[in-house]
Amino acid sequence: MTHSWRWIPNALTFLRAFLILPFAIALWEGNYRPALVIFLLAAVTDAFDGFLARQFDWRSRIGAVADPLADKALLITSYLMLSLTGVLPMWLFLLVLGRDLLIVAGGLAFHYGIGRFEMQPSFLGKFNTLVQILVVLVIIMMLAGVPLQSWVKEAGIVLVALSTIISGIHYVVVWSMRAWRAKRH
């Protein structure tokens, strides 16, 4: 019986991907309460699809690829729209995007130059993603009228920048070492 429900995690992932456009429009137009609701809905679908996939072993190859892409697209869209509207500095968006592009380019270089590339997020990578998500959430909450101290935004910018730089350097060092060891053997 549960086998017929295996499609649900992937459906939730694609729902999250479809939420990106209305989320971006809401941010662009300054409709922060709807943006907050959409962001929270995306977070709930992410948690729920992950739970279902693990709990019932409803994992699929498409889900393994689509889920992190949907998450990353939502985060990149968040930083892009908040930068384009002047809420966040553009350099922060470029830093977040640059780290992700560096990791993708490094992964492709490893895959085609060294051998099969199985990307597994490190603790620092997961921490960076958590920081990015929480900072976006807090900033949208502030914009939606939740009373928070103004220093929270500045602290969030610093935290995102530091965790992005540190995790980016970590990935470069780890995968450079793996490439160097693989080339030696």
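Residues numbered from 1 in each chain as written. Predicted model: local features only at pLDDT ≥ 70, side-chain atom pairs only at ≥ 80, totals over all residues. Heavy atoms only, no water.

Turning to the pattern of salt bridges, a few remarks are in order. Pairing is possible between side chains of opposite charge, provided their charged atoms come close. Scanning the model with the defined rule gives seven salt bridges in all. Between Arg16 and Asp67 there is a salt bridge, and its shortest N-O distance comes to 2.4 Å. Taken together, the residues span a long stretch of sequence, with Arg16 in helix H1 (residues 8–28) and Asp67 in helix H3 (residues 61–84) at a distance of 51 residues. Between Asp100 and Arg99 there is a salt bridge whose closest N-O contact spans 2.8 Å. (Salt bridge = Lys/Arg side-chain N within 4 Å of Asp/Glu carboxyl O. Helix = DSSP H or I, 4+ residues; strand = E, 2+ residues; numbered from the N terminus.)

Residue Asp57 is not a glycine yet carries a positive backbone phi of 55°. Mapping Asp57 onto the fold places it in the loop between helix H2 (32–55) and H3. A relative accessible area of 46% means that Asp57 is categorised as partly exposed. (Buried < 20%, exposed > 50% of the residue type's maximum accessible area, 1.4 Å probe, protein only.)

Together, Trp28, Leu84, Met90 and Leu94 line one region of the surface with nonpolar side chains, adding up to about 410 Å² of accessible area. Along the chain, Trp28 turns up in helix H1. (Patch = residues over 30% accessible without salt bridge, like charges linked within 9 Å, V, L, I, M, F, W, Y side chains within 5 Å. Areas by Shrake-Rupley, 256 points an atom, 1.4 Å probe, with all protein chains shown as cover.)

A few words now on the packing of aromatic side chains. In this description, a pair of aromatic rings is defined by centroid distance and the angle of the planes. What the rule picks out here adds up to six aromatic pairs. Residues Phe23 and Phe39 carry aromatic rings whose centres are separated by 5.7 Å and whose planes lie at 35° to one another, so their mutual orientation is tilted. Separated by 16 residues along the polypeptide, Phe23 in helix H1 and Phe39 in helix H2 bring together distant segments of the chain. The two residues Phe23 and Phe39 agree in class, both being buried. Ring centres of Phe110 and Trp175 lie 5.1 Å apart, and the angle between their planes is 80°; on these two criteria the pair is classed as edge-to-face. In this pair, Phe110 sits in helix H4 (residues 90–113) while Trp175 sits in helix H6 (residues 151–184), placing the two residues 65 residues apart along the sequence. In this structure, Phe110 and Trp175 share a single accessibility class: buried. Stacked on the ring of Trp175, the Lys or Arg Arg178 has its end atom at 4.3 Å from the ring centre. (Phe/Tyr/Trp six-rings, centres within 6.5 Å; stacked < 30°, edge-to-face > 60°. Lys NZ or Arg CZ within 6 Å of the ring centre and 35° of its normal.)

Where H2 meets H3, the closest approach of the two axes is 11 Å, and the angle between their N-to-C directions is 160°. For the element pair H2 / H3, the angle class is roughly antiparallel. When the axes of H2 and H3 are compared, the crossing they make is left-handed. Residue-level contacts link Phe39, Ala42, Asp46 and Asp49 of H2 to Asp67, Asp71, Leu74 and Ser78 of H3. (Axes fitted to C-alpha atoms, helices over the stretch in contact; angles between N-to-C directions. Parallel < 35°, antiparallel > 145°, perpendicular 65-115°, else oblique. Left-handed = near helix turned anticlockwise from the far one by under 90°. Contact = heavy atoms within 4.5 Å.)

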